[in-house]
Amino acid sequence: MADLAEIISGINERIHEEADWGVPAQYIPELAGIPADQFAISVCTANGRTYSAGSSHVPFSIQSISKVFALVTTLGRIGDQLWTRVGREPTGTAFDAISILETDAGRPRNPFINAGAIVTTDALLSGREPRQAIAEILGLIRAMAESDEVYINAKVARSEKETGARNRALAHYLLSHDNLDNDPEKLLGTYFHQCAIEMTTDQLAMSGRCLADLPNAPNVISRTHARRVNALMMSCGHYDASGEFSYQVGLPGKSGVGGGILIVAPRKASIAIWSPGLDGYGNSKAGTRAAAMLSHQTGWSVF
Ligand code: GLU
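Residues numbered from 1 in each chain as written. Predicted model: local features only at pLDDT ≥ 70, side-chain atom pairs only at ≥ 80, totals over all residues. Heavy atoms only, no water.

A. The sheet that holds strand β6 (residues 253-255), seen in detail. Strand order in the open sheet formed by five strands is β2-β1-β8-β7-β6, and the pairing between neighbours is antiparallel. The sheet is open, and its two edges are formed by β2 (50-54) and β6, each paired on a single side. Neighbour-to-neighbour, the strand axes of this sheet turn through a mean angle of 10 degrees, independent of strand direction. Relative to β2, strand β1 (residues 40-45) is paired through five bridges, and the arrangement is antiparallel. Opposite Cys44, over in β2, you have Thr50 as the bridge partner. (Pairing = 2+ DSSP bridges. Helix = DSSP H or I, 4+ residues; strand = E, 2+ residues; numbered from the N terminus. Axes fitted to C-alpha atoms, helices over the stretch in contact; angles between N-to-C directions.)

B. Fine view of empty space enclosed by the protein. For the coordinates displayed, the defined rule picks out one cavity of 30 Å³ or more. The volume enclosed by the largest cavity comes to roughly 50 Å³. Residue lining of the largest cavity: Tyr27, Gln63, Ser64, Phe95, Asn114, Glu160, Tyr191, Cys195, Tyr239 and Val257, and that is the complete set. (1 Å grid on protein atoms, 1.4 Å probe; cavity = no way out; pocket = protein on both sides within 12 Å on 5 of 7 lines; lining within 4 Å. Points joined across faces, edges and corners; volume = space filled by probe spheres on them.)

C. Structural detail: unusual backbone geometry. The residue Glu146 is not glycine, and still its phi comes out positive at about 50 degrees. Topologically, Glu146 is positioned in the loop between α6 (130-145) and β4 (151-152). Residue Asp178 is not a glycine yet carries a positive backbone phi of 60 degrees. When you line up the elements, Asp178 lands in the loop between α8 (165-176) and α9 (184-195). Assessed through its relative accessible area of 69%, Asp178 is described here as exposed. (Buried < 20%, exposed > 50% of the residue type's maximum accessible area, 1.4 Å probe, protein only.)

D. The pattern of salt bridges, seen in detail. Using the criterion set out here, one finds 17 salt bridges in the structure. The salt bridge involving Arg85 is made with Asp122; its shortest N-O contact spans 2.6 Å. Of this pair, Arg85 sits in the loop between α3 (66-78) and α4 (99-103) while Asp122 sits in helix α5 (residues 114-125), placing them 37 residues apart in sequence. With relative accessibility at 0%, the residue Asp122 sits in the buried group. Between Lys161 and Glu185 there is a salt bridge, with its nearest N and O atoms 3.6 Å apart. Note that Lys161 is positioned in helix α7 (residues 154-163) and Glu185 in helix α9, a separation of 24 residues in sequence. By relative accessible area, which is 36% here, Lys161 ends up partly exposed. Each member of the salt-bridge network shares a partner with another, and the members are Arg14, Glu18, Asp20, Lys285 and Arg289. (Salt bridge = Lys/Arg side-chain N within 4 Å of Asp/Glu carboxyl O.)

This is the structure in structure tokens:
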């Protein structure tokens, strides 16, 4: 394998040369106007180093990547009880699909589609106030990233609250199936704030070290939970493009509509990539290509 610093800077150059950026998430007004031609990549390796290229110090909206941290927090709180309310299968439908929830009688198929994430956050919220639930998720992220400089962008949270009709529809449908314990508005307020957490790729890659089981990672997640979360990232982390991501990259990954992707190369590296333009599935267009290049050039695919 060539030198990792060279690989990463080569990928950064190639992504800018290709200039095939996709379109930032249009349904969240605060994200819609972000310039698409931005790219960042950070890789933490088993020897304790972080390699970065591009805008790796620019905080971006982690959106659905927060579902990984919310899942870890909730599993830590209630363990396997969560699985009575959410499944562990990929959907083959969009991240915010409503139809599949009807087919599945209100039990979302996995914790990474919106309906499943809303149920996961509902389970975490029970018995505490929204600010406590959010503080728990943020606290976990800060511990995993070993950085206190991780914050919520209140404008993004408000923007999503004002336009979140579809997530409201999902929450009310879950309620009709008795799969919500909390008031939908209170719950969605919590969910929108969790999605509006901002991180840089450097911070996000640092936070993934626990999932990648790197020797220098802080000891904040049990190995059992890390293994299970990785399995779900592999099978469900990219919505209806999860199969394609496995095929092209061969590593567990979780995308968000802010254009970020967290990728785990077990015992080798934790990788974060950001480019805000999305493809038709709601995954970062340039980011997904960069992930495939990195996996190809490093041989890190688990297959
Ligand atoms: N906050 C977004 C939503 O609920 C998350 C979706 C995503 O990042 O894929 O629509």
